[in-house]
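# Coordinate analysis (summary)
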Amino acid sequence: MPEFETIRSIIDRKQPLFDDIAHQIWNLAELRFEEKESSKLLSSVLEQEGFEVDYNVAGLSTAFTASYGSGSPVVSFLGEFDALSQLSQKPSISYQDPVFEGESGHGCGHHLLGTGALASAVAVRHYLDKHQLPGTVRFYGCPGEEGGSGKAFMAREGVFDDIDTAITWHPGSYNSLFAFESLANYQVSFRFKGKASHAAASPHLGRSALDAVELMNVGVNYLREHMIDEARVHYAIVNSGGLSPNVVQAEAEVLYLIRAPELSQVNALYKRVQDIAKGAALMTETTFDIHFEKGCSNYVRNHVLEEQMTAAFQAVPAVSYTDEERSYAKAIQASITEEERTGFFKDIEDMLPDDQKNLLDTMKNKDLLEDVIPTTTKKGKNIGSTDVGDVSWIAPTVQCFTTCFTAGTPFHTWQMVTQGASTAAYKGMKQASLVMADTAIRLFESPELISKAKEEHQSKLAGKSYICPIPKGVSPSYVR
Ligand SMILES: Nc1ccc(C(=O)N[C@@H](CCC(=O)O)C(=O)O)cc1
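Residues numbered from 1 in each chain as written. Predicted model: local features only at pLDDT ≥ 70, side-chain atom pairs only at ≥ 80, totals over all residues. Heavy atoms only, no water.

## Observations concerning the pairing of strand E2 (residues 64-70)
To keep it simple, the criterion reads: Working definition: with a 1.4 Å probe on protein chains only, accessible area under 20% of the residue-type maximum means buried, over 50% means exposed, and in between means partly exposed. By the criteria applied, helices consist of DSSP H or I runs no shorter than four residues and strands consist of E runs no shorter than two, each listed in order from the N terminus. A pair of strands is considered paired only if DSSP assigns at least 2 bridges between the two.
For E2, a buried count of five out of seven residues is recorded, marking the element as mostly surrounded by other parts of the structure. Relative to E2, strand E1 (residues 52-55) runs antiparallel, the two sharing four bridges. In the sheet register, tyrosine 55 faces E2, and the bridge partner there is phenylalanine 64.

Rendered as structure tokens:
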């Protein structure tokens, strides 16, 4: 069993630095694959801690790895640090107010995610030294999770091939294992070309690419009734062909995100969406080409590792909040709708084991949930997609959520951005660091757990092996 006090004292000593790094990344709010400064901040801490750092990993300028120690086992932590566009927001307030209108913000807490995972790697590095434990601890600086699937690009180049396990977390509004599967997806754009013309004088000579986009979307909307319930297809018109209604739009582009529980199902849907695009082109006498942006795999859970993380959660004391933190959480609650809050607690109810549903009664009165929510091995609800899925196909992977935000805070909102800079969020980050470090040390101390986790992994994959959903030759796409 890990000496929890050792882990805690390492992290305690360095926590002011970690909080400062997270806060700087929050301020930078760099978008996918452009996280130059954020990546540098994290890698420089690891360099100072004696890790060997590789930059430009997999040809991505903001991806890096940092390793400490040698030989096996190789226990890794995954850290993200990208922000979301259009979510600029002032810190620690309870109303929407951007710092700079239209700029980016950390609406998914990745400033905490990357820094919290880094703190675990640092703690484990010192712990290994102190206890003379063999093996390698590695931190993966993973850019572009949002709409970029940076980890899938890294996986395509074999960057994760020698790891034994991967550990990560995600900031959230409760403490628990990440007890969900996630959806595999493809992100693909369809660029239609038509012919410009004067829309009043010679409309008969024009062929509208925008019409093609609209017809394609209508076609896909009819497809929805005839696809599996768990699938999701969304689109954004990223080029509507211009701002003049009196010019027939000669070009237009629509970006699709196609999701399903398995990549094979995504692929089948993708073929049907392509047929719809062909139909739209035929109807409008336009042409189109396809630009494959990225894809990611579904997340494979590992219960052997989850058991260790559950034990780690029990070793870490519950966070206590100040009156000020509680009243801030309450103030944010005022901006969260009844439906959002009800849905949030319904999700927790679904997650709880049948004989522990009563835990919900006390939680329902709270804004900041310090409780650890027990989970089961049953399939959780659909939470979207994550490129952690790709890593989970390569090696046994485990993740948790910790409470960083008030109950019911929806992801990708100004509420998440503003709370991301609050002291309660940093407490959640620290709790995650402690849980992840404790989990990792359990694996270093009992490598047979890794063998068991690998057996489970092999049996879950049932003979299949990882195939990167992103074809060779596709390069990462930036936010437009
Ligand atoms: N623990 C989480 C992991 C991922 C997400 C999330 O929102 N992911 C994006 C990723 C989309 C993508 O694959 O590009 C999504 O599902 O829309 C949310 C919580």
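## Here we look at the side chain of glutamate 456
Going by this rule: In protein, a polar contact requires one atom able to donate a hydrogen and another able to accept it; more generally it is a pair of N or O atoms within 3.5 Å, and residues adjacent in sequence count only if both atoms are side-chain atoms. The contact criterion used throughout is that any non-hydrogen atoms of two residues lie within 4.5 Å.
You can see glutamate 456 is positioned in helix H14 (residues 447-461). In this structure the side chain of glutamate 456 is engaged in a polar contact, spanning 2.9 Å, whose partner is the backbone nitrogen of valine 304. Not counting the four nearest positions on each side in its chain, glutamate 456 is found in contact with Arg301, Asn302, His303 and Val304.

## Digging into the site of the ligand
Cut-off, in case you're wondering: Note on terminology: near, applied to a residue and a molecule or strand, indicates that one of the residue's heavy atoms is within 4 Å of it. Per-residue and other accessible areas follow the Shrake-Rupley method at a 1.4 Å probe size, with only the shown protein chains counted as cover for residues.
Taken together, 14 residues lie near the ligand, and Gly147, Asn185, Arg259, Lys294 and Ser385 sit nearest. Take glycine 147: an N or O atom from its main chain is 2.9 Å from an oxygen atom of the ligand. One nitrogen or oxygen atom from the main chain of serine 385 is found 2.9 Å from a nitrogen atom belonging to the ligand. Protein burial of the ligand: of its 450 Å² of free accessible surface, 89% is covered by the chains.

## A look at the side chain of glutamate 80
Along the chain, the position of glutamate 80 falls in strand E3 (residues 74-80). Among the polar contacts listed, one links the side chain of glutamate 80 to the side chain of lysine 151, at a separation of 2.6 Å. Residues contacting glutamate 80, with those up to four places away along its chain left out, are His110, Leu113, Gly114, Cys142, Glu145, Lys151, Asp387 and Val388.

## Topic: the nonpolar core
Keep this limit in mind: The definition of a nonpolar core used throughout is a set of buried Ala, Val, Leu, Ile, Met, Phe, Trp, Tyr and Cys residues joined through side-chain atoms within 4.5 Å.
The biggest cluster of nonpolar side chains holds 70 residues, and the ones touching the most others in it are Met154, Tyr174, Phe190, Phe192, Met216 and Ile348. Beyond its immediate stretch of four places on either side in the chain, isoleucine 348 contacts Tyr174, Leu360, Met363, Leu369 and Ile373. Counting 62 residues, the second-largest nonpolar core is a separate cluster that includes Phe64, Phe77, Met416 and Leu443.

## Quick look at the domain arrangement of the protein chain
Interface size is often expressed as the accessible area that is lost when the parts come together. Definition in use: Bear in mind that the domain bounds are from an automatic or database domain assignment. Buried area is calculated as the accessible area (1.4 Å probe) missing from two parts once they are joined, with the contributions of both summed. In the sections that follow, a salt bridge refers to a side-chain nitrogen of Lys or Arg positioned within 4 Å of a carboxyl oxygen of Asp or Glu. Throughout this entry, Asp, Glu, Lys and Arg are counted as charged residues, while Ala, Val, Leu, Ile, Met, Phe, Trp, Tyr, Cys and Pro are counted as nonpolar. The remaining residues, Gly among them, count as polar.
When cut into domains, the protein chain gives domain 1 (4-180 + 298-461) and domain 2 (184-296). Taken residue by residue, the interface counts 13 residues in domain 1 and 11 residues in domain 2. Taking both partners together, domain 1 and domain 2 bury about 850 Å²; carbon and sulfur atoms supply 42% of that area. Here domain 1 and domain 2 share zero salt bridges between them. Grouping the constituent residues of the side of domain 1 that touches domain 2 by class yields two nonpolar, eight polar and three charged.

## Topic: the confidence of the model for the protein chain
Counted only if it meets this: Per-residue confidence from the prediction method is given by pLDDT, with values spanning 0 to 100.
Overall, the predicted model of the protein chain reaches an average pLDDT of 97, with 100% of residues at or above 70. Scored as a whole, the predicted complex attains pTM 0.97, and scored at its interfaces, ipTM 0.97.

## Here we look at the sheet that holds strand E11 (residues 397-403)
Reading across from one edge, E1-E2-E4-E3-E5-E11-E6 is the order of the seven strands in this open sheet, with mixed pairing throughout. One side of each edge strand has no neighbouring strand; the edge strands of this open sheet are E1 and strand E6 (176-177).

## Regarding the pattern of salt bridges
What the rule picks out here adds up to 32 salt bridges. A salt bridge links glutamate 49 to arginine 125; the shortest N-O distance between them is 4.0 Å. With glutamate 49 in the loop between helix H2 (36-48) and E1 and arginine 125 in helix H3 (residues 110-131), this pair connects stretches of sequence that are 76 residues apart. What makes glutamate 49 buried here is its relative accessible area of 11%. Residue aspartate 164 pairs with lysine 454 through a salt bridge whose shortest N-O separation is 2.4 Å. Placement of aspartate 164 in the loop between helix H4 (150-156) and strand E5 (165-172) and of lysine 454 in helix H14 is noted, with a sequence separation of 290 residues between them. For aspartate 164, a relative accessible area of 11% corresponds to the buried category. In the salt-bridge network here, residues are joined through shared partners; they are Lys14, Glu49, Arg125 and Asp129.

## Describing the sheet that holds strand E9 (residues 251-260)
Worth spelling out the cut-off: Only the contacting stretch of a helix is used when fitting its axis, a line to C-alpha atoms as for every element, and angles between N-to-C directions run 0 to 180 degrees.
Across the sheet, four strands lie side by side as E8-E9-E7-E10; this open sheet has antiparallel pairing. At either end of the open sheet lies a strand with only one pairing partner, and these are strand E8 (232-239) and strand E10 (287-296). Averaged over all adjacent pairs, the angle separating strand axes in this sheet is 20°, with direction ignored. In this structure, strand E7 (residues 184-193) lies alongside E9, joined through 10 bridges in antiparallel fashion. Residue pairing across strands places alanine 184 opposite alanine 260, the latter belonging to E9. Helix-sheet contacts for helix H5 (residues 209-223) involve E7, E8 and E9, and the interaxial angle to E9 is about 20°. Helix H6 (residues 263-284) contacts E7, E9 and E10 of the sheet and is inclined by roughly 15° relative to E7.

## Examining H2
What counts here: To estimate how far a helix should extend, the number of its residues minus one is multiplied by 1.5 Å.
The end-to-end C-alpha separation of H2 is 18 Å, in line with the 18 Å expected for 13 residues at 1.5 Å each. Turning to H2, the residues buried within the fold contact helix H1 (4-28), E1, E2, H3 and strand E4 (135-142). The first or second residue beyond H2 is glycine 50, which carries a positive phi of 85°.

## Some words on helix H13 (residues 423-445)
Between its terminal C-alpha atoms H13 stretches 33 Å, which fits the 33 Å expected from 23 residues at 1.5 Å a residue. Burial runs high along H13: 19 of the 23 residues are buried.

## Looking at the packing of aromatic side chains
The line we're drawing: Pairing of aromatic rings covers Phe, Tyr and the six-membered ring of Trp, with a centre-to-centre limit of 6.5 Å; geometry is then stacked below 30 degrees between planes, edge-to-face above 60, and tilted otherwise.
With the rule as written, the count across this model stands at 19 aromatic pairs. Between the aromatic rings of tyrosine 186 and phenylalanine 292, the centroid separation amounts to 5.0 Å while the plane-to-plane angle is 65°, which identifies the pairing as edge-to-face. Here the residue tyrosine 186 occupies a position in strand E7, and phenylalanine 292 occupies one in strand E10, the gap between them amounting to 106 residues. On the basis of relative accessible area, tyrosine 186 is assigned to the buried category, the value being 9%. Taken together through their ring pairs, the aromatic side chains of Tyr174, Phe178, Phe180, Tyr299, Phe344, Phe345 and Phe401 make up a single cluster.

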